[in-house]
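Each chain is listed here by its residues.
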Amino acid sequence: MDETAQIIGQLRASAADQAYFSSSRVQNSLFDLYGVVGTDEAKRLVETWLTLTIQRDLFSGAELLELLDDLEGCLTSSIPG
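Residues numbered from 1 in each chain as written. Predicted model: local features only at pLDDT ≥ 70, side-chain atom pairs only at ≥ 80, totals over all residues. Heavy atoms only, no water.

### A few points about the overall build of the chain
Here's step 1: The secondary structure content of the chain amounts to four helices and two strands.
Here's step 2: Secondary structure elements of the chain occur, N-terminal to C-terminal, as α-β-α-α-β-α.
Here's step 3: For the chain, the C-alpha radius of gyration of 12 Å lies close to 12 Å, the compact-globule estimate for 81 residues.
Here's step 4: On the principal axes, the C-alpha backbone points of the chain span a range of 40 × 25 × 15 Å.
Here's step 5: In the chain, which comprises 81 residues, the proportion classed as buried is 36%.
Here's step 6: Look at the contacts in the chain between residues 6 or more apart in sequence, and 72% of them connect residues 24 or more apart. (Helix = DSSP H or I, 4+ residues; strand = E, 2+ residues; numbered from the N terminus. Rg over C-alpha atoms; globule rule 2.2 N^0.38 Å. Buried < 20%, exposed > 50% of the residue type's maximum accessible area, 1.4 Å probe, protein only. Contact = heavy atoms within 4.5 Å.)

### Looking at the pattern of salt bridges
Here's step 1: Using the criterion set out here, one finds three salt bridges in the structure.
Here's step 2: The partner of D69 in a salt bridge is R12, and the shortest N-O contact between them spans 2.5 Å. In this pair, D69 is assigned in helix α4 (residues 61–77) and R12 in helix α1 (residues 3–17), connecting sequence segments 57 residues apart.
Here's step 3: With relative accessibility at 44%, the residue D69 sits in the partly exposed group. (Salt bridge = Lys/Arg side-chain N within 4 Å of Asp/Glu carboxyl O.)

### Thoughts on the environment of V36
Here's step 1: As for its position among the elements, V36 is in helix α2 (residues 23–36).
Here's step 2: Take V36: its relative accessible area is 25%, and that puts it in the partly exposed class.
Here's step 3: In sequence terms V36 and E3 are 33 residues apart; their C-alpha atoms lie 6.9 Å from each other.
Here's step 4: Look past the residues within four positions of V36 in its chain and what remains in contact with it is E3, T4 and I7.

### Digging into the environment of E3
Here's step 1: By the element assignment, E3 lies in helix α1.
Here's step 2: Its relative accessible area of 49% is what places E3 among the partly exposed residues.
Here's step 3: For the pair E3 and G35, spaced 32 residues apart in the sequence, the C-alpha separation amounts to 9.8 Å.

Take it as geometry only, folks, not as evidence of what the structure does.
This is how it looks when you write it as structure tokens:
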């Protein structure tokens, strides 16, 4: 399993167990993801969410799952074939 999939899997498991996340926790996870995602589209999505962590205090588990769905969509669409 590559590092991106591992981080996404851990975040999905956390989002299933918790209703809300602090912005600092989301931000830390996003920095981890930013370092390993390979496409420009995925990096832009992570950058957008990083900006939100500065503006907000809490994120719901549902929001985090939505981000992960979008991110996986970016990563899947960049795979050739």
